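Below are the chains, spelled out letter by letter.
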Amino acid sequence: KSILISCPHENVSTKFLAPYTTFCRIHQKSITCLDISSGGGLGVSTSTDGTMKIWQAANGEIRRQLEGHVYDVNCCRFFPSGLVVLSGGMDAQLKIWSAEDASCVVTFKGHKGGILDTAIVDRGRNVLSCSRDGTVRLWDCGKSACLGVIADCGSPINGIAVGTADNSLNLGTPEKTPSEREVGTEGKILLLAREDKKLQGVGLQSRQPVFLFVGSDAFNCCAFLSSTYILAGTQDGNIYQLDVRNTNSPIQVIHRSGAPVLSLLPYLDGFIASQGN
């Protein structure tokens, strides 16, 4: 079920694994985003065929089709409960769906450009979205209202990640008292992977900048490894590992190929990266 290819002269080896199972019937074209529910029972995915579907993770059987976005859906993810889905599209709309009956429960409007990524704060009373319009917005799911613009950087924001900050980090203080509808933002840091080659850290509650790191190319994605270590991937194939307490120089830069780094996911003691090759 596997084939190992190595070149001892170059000290390089790669192992190809045969897939455990393949689901060919869910989408007709490229899959752009997918997530699996916390219980592992359901998958949700979006495709360049214009569809977003919920399916059984065990056998790929389609359960629901989520219809309501105009144009492409860029991102989809389950809430921690596994019963609700958050999606963002090129129509600048952010939507919340019931995984049980495929109804769209809430639609958030406010962005002026396509939504490129989303994040869920704690258990999901608040959610975040970033857009081609250069802003990150915080939303209140219960009242379906925008709680504020967390950042406005004048350049498309391709990816975001939210994590608990290291205690020694100064996240700044809010200029005005946060709304009581804002839940779980205290002590959190927000990462912004920006198109203008910058990776930015912002205090989620304070809206204050924490750090700004300049990379080799546009940043496509970012992730937390821990409260101190973060990852970010660029269009020219670099993966930067940084310490949030000192972002002057990276801990390491991993470069396997020049293909764009499209997504990063912490896994066990390391991480998984996907590239455009």
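Residues numbered from 1 in each chain as written. Predicted model: local features only at pLDDT ≥ 70, side-chain atom pairs only at ≥ 80, totals over all residues. Heavy atoms only, no water.

- In the annotation of an unreviewed UniProt entry, the entry for the protein reads PAAF1 factor, and the organism field reads Cepphus grylle.
- The UniProt entry for the protein carries the following text under Sequence similarities (unreviewed entry): "Belongs to the WD repeat PAAF1/RPN14 family." (UniProt positions renumbered as here; feature names shortened; annotations may be inferred.)

1. Thoughts on the side chain of Thr46
So, point 1. Along the polypeptide, Thr46 turns up in strand E4 (residues 42-47).
So, point 2. At a separation of 2.8 Å, a polar atom in the side chain of Thr46 contacts the side chain of Thr32.
So, point 3. Excluding residues within four positions of it along the chain, Thr46 makes contact with His27, Ser30, Ile31, Thr32, Cys33, Thr51, Met52, Val73, Asn74 and Cys76. (Helix = DSSP H or I, 4+ residues; strand = E, 2+ residues; numbered from the N terminus. Polar contact = N/O pair within 3.5 Å; in protein donor to acceptor, adjacent residues only side chain to side chain. Contact = heavy atoms within 4.5 Å.)

2. Let's talk about the environment of Asn220
So, point 1. One can find Asn220 in strand E19 (residues 219-224).
So, point 2. Exposure remark for Asn220: the relative accessible area of 15% places this residue in the buried category.
So, point 3. Sequence separation between Asn220 and Leu264 is 44 residues; the distance between their C-alpha atoms is 9.6 Å.
So, point 4. Not counting the four nearest positions on each side in its chain, Asn220 is found in contact with Asn158, Gly159, Ala193, Gly233, Thr234, Gln235, Pro260, Val261 and Leu262.
So, point 5. For Asn220, the side chain forms a polar contact with the side chain of Gln235, separated by 2.9 Å.
So, point 6. Side-chain polar atoms of Asn220 contact the backbone oxygen of Val261, separated by 3.2 Å. (Buried < 20%, exposed > 50% of the residue type's maximum accessible area, 1.4 Å probe, protein only.)

3. Considering the pattern of salt bridges
So, point 1. Counted according to the given criterion, the structure contains 6 salt bridges.
So, point 2. As a salt-bridge pair, Asp196 and Arg194 come within 2.7 Å of each other at their nearest N and O atoms.
So, point 3. The exposure class of Arg194 is buried, given its relative accessible area of 7%. (Salt bridge = Lys/Arg side-chain N within 4 Å of Asp/Glu carboxyl O.)

4. Points about the nonpolar core
So, point 1. Of all hydrophobic cores here, the largest spans 25 residues; its most connected members are Val44, Leu66, Phe108 and Val127.
So, point 2. With 4 residues, the top contributor of residues to this core is strand E7 (residues 73-78).
So, point 3. Beyond its immediate stretch of four places on either side in the chain, Phe108 contacts Ala92, Gln93, Leu94, Ile96, Val127, Trp139, Asp140, Cys141, Ser144 and Ala145.
So, point 4. Grouped together as the second largest cluster of nonpolar side chains are 18 residues, Leu171, Leu191, Phe211 and Ile230 included. (Core = buried A, V, L, I, M, F, W, Y, C linked by side-chain atoms within 4.5 Å.)

5. So, the UniProt feature "repeat: WD" (unreviewed entry) in the protein
So, point 1. Summarizing the sequence annotation, UniProt attributes the feature "repeat: WD" (unreviewed entry) to residues 24-65, 66-107 and 108-140 in the numbering used throughout.
So, point 2. Its end C-alpha atoms 13 Å apart, residues 66-107 is made of 0% helix and 50% strand.
So, point 3. Taken as a whole, residues 108-140 contains 0% helix and 61% strand, while its terminal C-alpha atoms sit 9 Å from one another.

6. Quick word on the sheet that holds strand E5 (residues 52-56)
So, point 1. The strand order across the open sheet built from 4 strands is E3-E4-E5-E6, with neighbouring strands paired in antiparallel fashion. A strand with exactly one partner marks an edge of an open sheet, and here the two such strands are strand E3 (31-36) and strand E6 (62-65). Averaged over all neighbouring strand pairs, the angle between strand axes comes to 20°, with direction disregarded.
So, point 2. Where E4 meets E5, 5 bridges bridge the pair, whose relative direction is antiparallel. Within E5, the residue paired with Val44 across the bridge is Ile54. (Pairing = 2+ DSSP bridges. Axes fitted to C-alpha atoms, helices over the stretch in contact; angles between N-to-C directions.)

7. Considerations on a nonpolar patch on the surface
So, point 1. On the surface, a cluster of nonpolar side chains totalling about 470 Å² of accessible area is made up of Leu265, Tyr267, Leu268 and Ile272.
So, point 2. Residue class for Tyr267 comes out partly exposed when judged on its relative accessible area of 49%. (Patch = residues over 30% accessible without salt bridge, like charges linked within 9 Å, V, L, I, M, F, W, Y side chains within 5 Å. Areas by Shrake-Rupley, 256 points an atom, 1.4 Å probe, with all protein chains shown as cover.)

8. Concerning the sheet that holds strand E10 (residues 104-108)
Strands pair in a sheet through their backbones, by hydrogen bonds, and they do so in one of two ways: parallel or antiparallel.
So, point 1. One open sheet holds the 4 strands; their spatial order is E7-E8-E9-E10, and the pairing between them is antiparallel. Strands with a single pairing partner mark the edges of an open sheet, and in this sheet they are E7 and E10. Strand-to-strand twist across the sheet, computed as the mean angle between neighbouring axes with direction ignored, equals 20°.
So, point 2. Direction of pairing for strand E8 (residues 84-89) relative to strand E9 (residues 94-98): antiparallel, over a ladder of 5 bridges. In the strand pairing of E9, Gly88 is matched with Leu94.

9. Some words on the packing of aromatic side chains
The geometry of an aromatic ring pair comes down to the distance between the two centres and the angle between the two planes.
So, point 1. Inspection of every chain in the model, using the stated rule, returns 5 aromatic pairs.
So, point 2. Between the aromatic rings of Phe23 and Trp55, the centroid separation amounts to 6.0 Å while the plane-to-plane angle is 65°, which identifies the pairing as edge-to-face. Residue Phe23 is found in the loop between strand E2 (12-17) and E3, and its partner Trp55 is found in strand E5; the two are separated by 32 residues along the sequence.
So, point 3. Judged by relative accessible area, Trp55 falls into the buried class, the value being 7%.
So, point 4. Ring centres of Phe213 and Tyr240 lie 5.2 Å apart, and the angle between their planes is 70°; on these two criteria the pair is classed as edge-to-face. Of the two residues, Phe213 sits in strand E18 (residues 209-214) while Tyr240 sits in strand E21 (residues 238-243), which places them 27 residues apart along the sequence. (Phe/Tyr/Trp six-rings, centres within 6.5 Å; stacked < 30°, edge-to-face > 60°.)

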